[in-house]
Amino acid sequence: VIYPGINDFFWDVSVNDTPLVEGRYFFSVTTHPSRKNIFNVLHAMAGSEYLRKYTYIIAGMISEVHRRELEILIKQLNLQSQVKLYGYVSEEDLKNLYRHAAFFIYPSFYEGFGLPVIEAMASFCPVLSSDNSSLPEVNPNSEWMFGAVQVDVMREAMERMVRLSEADLEALKVKNRSFAEQFTW
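Here's a quick rundown of the structure. (Residues numbered from 1 in each chain as written. Predicted model: local features only at pLDDT ≥ 70, side-chain atom pairs only at ≥ 80, totals over all residues. Heavy atoms only, no water.)

## Side note on the pairing of strand E2 (residues 55-59)
A regular strand places its side chains on the two faces of the sheet in alternate fashion. Within E2, 5 of the 5 residues are buried, leaving the element largely enclosed by the surrounding structure. Side chains Thr 55, Ile 57 and Ala 59 of E2 all project onto a buried face; the interleaved residues Tyr 56 and Ile 58 project onto the opposite face, where all are buried too. With 5 bridges joining them, strand E1 (residues 25-29) and E2 adopt parallel strand pairing. Directly across from Tyr 25, in E2, lies its bridge partner Thr 55. (Buried < 20%, exposed > 50% of the residue type's maximum accessible area, 1.4 Å probe, protein only. Helix = DSSP H or I, 4+ residues; strand = E, 2+ residues; numbered from the N terminus. Pairing = 2+ DSSP bridges.)

## Notes on the side chain of Arg 155
Summarising the element assignment, Arg 155 is placed in helix H6 (residues 151-162). With relative accessibility at 15%, the residue Arg 155 sits in the buried group. With residues up to four places along the chain from it excluded, the contact list for Arg 155 reads His 43, Ala 44, Gly 47, Ser 48 and Leu 51. (Contact = heavy atoms within 4.5 Å.)

## Topic: the nonpolar core
In this structure, Phe 26, Leu 42, Tyr 56, Val 83, Ile 105, Leu 128 and Met 158 are the most contacted members of the largest nonpolar core, which totals 31 residues. Among the secondary structure elements, those contributing two or more residues to this core are helix H1 (38-46), E2, helix H2 (64-76), strand E3 (83-87), H6 and helix H7 (166-180). Broken down by element, this core gets its largest block of residues, 6 residues, from H1. (Core = buried A, V, L, I, M, F, W, Y, C linked by side-chain atoms within 4.5 Å.)

## A few points about the pattern of salt bridges
Two side chains of opposite charge can pair, provided their charged atoms sit close to one another. Under the defined criterion, the tally for this structure stands at 5 salt bridges. Note that Lys 36 and Glu 111 form a salt bridge whose closest N and O atoms lie 2.7 Å from each other. With Lys 36 in the loop between E1 and H1 and Glu 111 in the loop between strand E4 (104-106) and helix H4 (115-122), the pair connects residues that are 75 residues apart, well separated along the chain. The residues Lys 36 and Glu 111 share a single accessibility class, namely buried. Note that Arg 163 is salt-bridged to Glu 159, the shortest N-O span being 3.5 Å. A relative accessible area of 46% means that Arg 163 is categorised as partly exposed. One salt-bridge network, held together by shared partners, links Arg 67, Arg 68 and Glu 71. (Salt bridge = Lys/Arg side-chain N within 4 Å of Asp/Glu carboxyl O.)

## Description of the environment of Ser 81
Residue position: Ser 81 is located in the loop between H2 and E3. In this structure the C-alpha to C-alpha distance between Ser 81 and Tyr 56, which are 25 residues apart in sequence, comes to 9.5 Å.

## Quick word on unusual backbone geometry
One non-glycine residue with positive phi stands out, namely Asn 37, at about 70°. Note that Asn 37 resides in the loop between E1 and H1. Even without a glycine there, the phi angle at Asn 78 is positive, about 55°. Among the residues examined, Asn 78 registers a relative accessible area of 53% and is labelled exposed.

## A word on the side chain of Asn 40
Along the chain, Asn 40 turns up in helix H1. Judged by its relative accessible area of 16%, Asn 40 is buried. Side-chain polar atoms of Asn 40 contact the side chain of Asn 37, separated by 2.9 Å. Among the polar contacts made by the side chain of Asn 40, one reaches the main-chain carbonyl oxygen of Ala 148 at a distance of 3.2 Å. Those residues in contact with Asn 40, other than ones at most four positions away along the chain, are Phe 109, Ala 148, Val 149, Val 151 and Met 154. (Polar contact = N/O pair within 3.5 Å; in protein donor to acceptor, adjacent residues only side chain to side chain.)

This is the structure we're talking about:
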């Protein structure tokens, strides 16, 4: 198997070290929130006192129709102050968002490959993902994977991630980055 690679830019950890987002946050990248399962992340967040202490950053080129659907659900779940829709971000800002996030979550229902997972790992960001399609090939940690429709299991994984000790979190980041090194050009 010859895997694709990510942009070399994500391997340089010295760039842009001032966080774009103040406070604690977790992060997703999407262009299609329903296919990428962002709605279930919102449901998981809404049902957790731990996760409500974080901001959820959602970046990506989202159509107006999908953006409106997200805004409606965010309001229904009373998450207006905890969810920020960033839209398109530059590579520099994307790397910064990965680098400073408590974790990156990629709960996709189906994924052709999952390059954002590798980008996050290269940027020393802990990763949670669904366990379907190609994602088990790009996430070496089955304990940080969940069924895409299992909101309770997703929530539990997210809560476990934010409760990790600094030592365990650092070990996960190093393990992920080492794994991601096989996805270069």
